[in-house]
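Here is what each chain is made of, one letter per residue.
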Amino acid sequence: MKKGRLKLHFHLLLAIVFSMSLAAISEGDDAIYFSKIGLEDGLAQVTVYAILQDDAGFIYFATEGGLNRYDGIKIQVFQKSASGLNQVSENSITALHKDQKGKIWIGTKKGFLDLHDPISGSFTHIPLIDPDRHVQNRNEIRVISVHPDNPEFLWIGTDGGG
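Comments concerning the pattern of salt bridges
All told, the structure shown has 3 salt bridges when counted by the stated rule. A salt bridge links Asp55 to Lys98; the shortest N-O distance between them is 2.7 Å. Note that Asp55 is positioned in the loop between strand S1 (48-53) and strand S2 (59-63) and Lys98 in strand S5 (residues 93-98), a separation of 43 residues in sequence. With relative accessibility at 28%, the residue Lys98 sits in the partly exposed group. Lys74 is paired through a salt bridge with Asp71; the nearest N and O atoms lie 3.7 Å apart.

A short note on the nonpolar core
In this structure, Ala50, Leu52, Tyr60, Ala62, Leu67, Phe78, Val88, Ile93, Leu96, Ile104, Ile106 and Phe123 together form the largest nonpolar core, which totals 12 residues. Elements represented by at least two residues in this core include exactly S1, S2, S5 and strand S6 (104-108). Dropping the residues within four chain positions of it, Ile106 is found in contact with Leu67, Val88, Ile93, Ala95, Leu96, Phe112, Leu113, Asp114, His116 and Phe123. Core analysis: the next-biggest nonpolar cluster, separate from the first, contains 6 residues, Leu113, Leu115, Val143 and Val146 among them.

Quick word on the pairing of strand S4 (residues 75-78)
Here strand S3 (residues 66-70) runs beside S4; their pairing, made up of 4 bridges, is antiparallel. The partner of Arg69 across the bridge, within S4, is Gln76. In textbook terms, the turn of a hairpin is the stretch between consecutive antiparallel strands, and for S3 and S4 this stretch comprises 4 residues, one of which, Gly72, has a positive phi near 100 degrees.

Overview of the sheet that holds strand S7 (residues 113-117)
The strands making up a sheet associate through backbone hydrogen bonding, with each pair oriented either parallel or antiparallel. Pairing in this open sheet of 4 strands is antiparallel, and the strands run S5-S6-S7-S8 from one edge to the other. Both edges of this open sheet fall to S5 and strand S8 (122-126), since each of them pairs with a single strand only. With strand direction ignored, the average angle separating the axes of adjacent strands in the sheet is 25 degrees. Bridge count between S7 and S8: 5 bridges; the pairing is antiparallel.

The rules we used
Residues numbered from 1 in each chain as written. Predicted model: local features only at pLDDT ≥ 70, side-chain atom pairs only at ≥ 80, totals over all residues. Heavy atoms only, no water. Salt bridge = Lys/Arg side-chain N within 4 Å of Asp/Glu carboxyl O. Helix = DSSP H or I, 4+ residues; strand = E, 2+ residues; numbered from the N terminus. Buried < 20%, exposed > 50% of the residue type's maximum accessible area, 1.4 Å probe, protein only. Core = buried A, V, L, I, M, F, W, Y, C linked by side-chain atoms within 4.5 Å. Contact = heavy atoms within 4.5 Å. Pairing = 2+ DSSP bridges. Axes fitted to C-alpha atoms, helices over the stretch in contact; angles between N-to-C directions.

Written out as structure tokens, the structure reads:
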């Protein structure tokens, strides 16, 4: 009788140790944790069209309310300003792409294309419409994607006009 109880206790102890080992392995350094980022954290708008991580580890969110850069603690929002200096061309950002030099291409809902240099913080505005072309509504060339062909060329995907 004693031998049977001892054997049962041994198997129970073995099962507990095995279970604890599995739990310890599953909670190792490779565990992935998620947290929600919202308006209360400083996100300009909750509609997010694209997400991109730059070479320094910052996370960029393309939103209806501007370009949002998250450093893991706080969010910096880049929006169109009256001066137009070092800001996006317009607030409704629809596409993001990081090139081989680490610069970020930004497409907008109204057909603008910007190039952001994360190192200097500068924005360069690149016209997509020939100035001689009379466009009734810039919405007809909304940028929906930016994709490299090679280091020299980018394909700009548009919706309805380009």
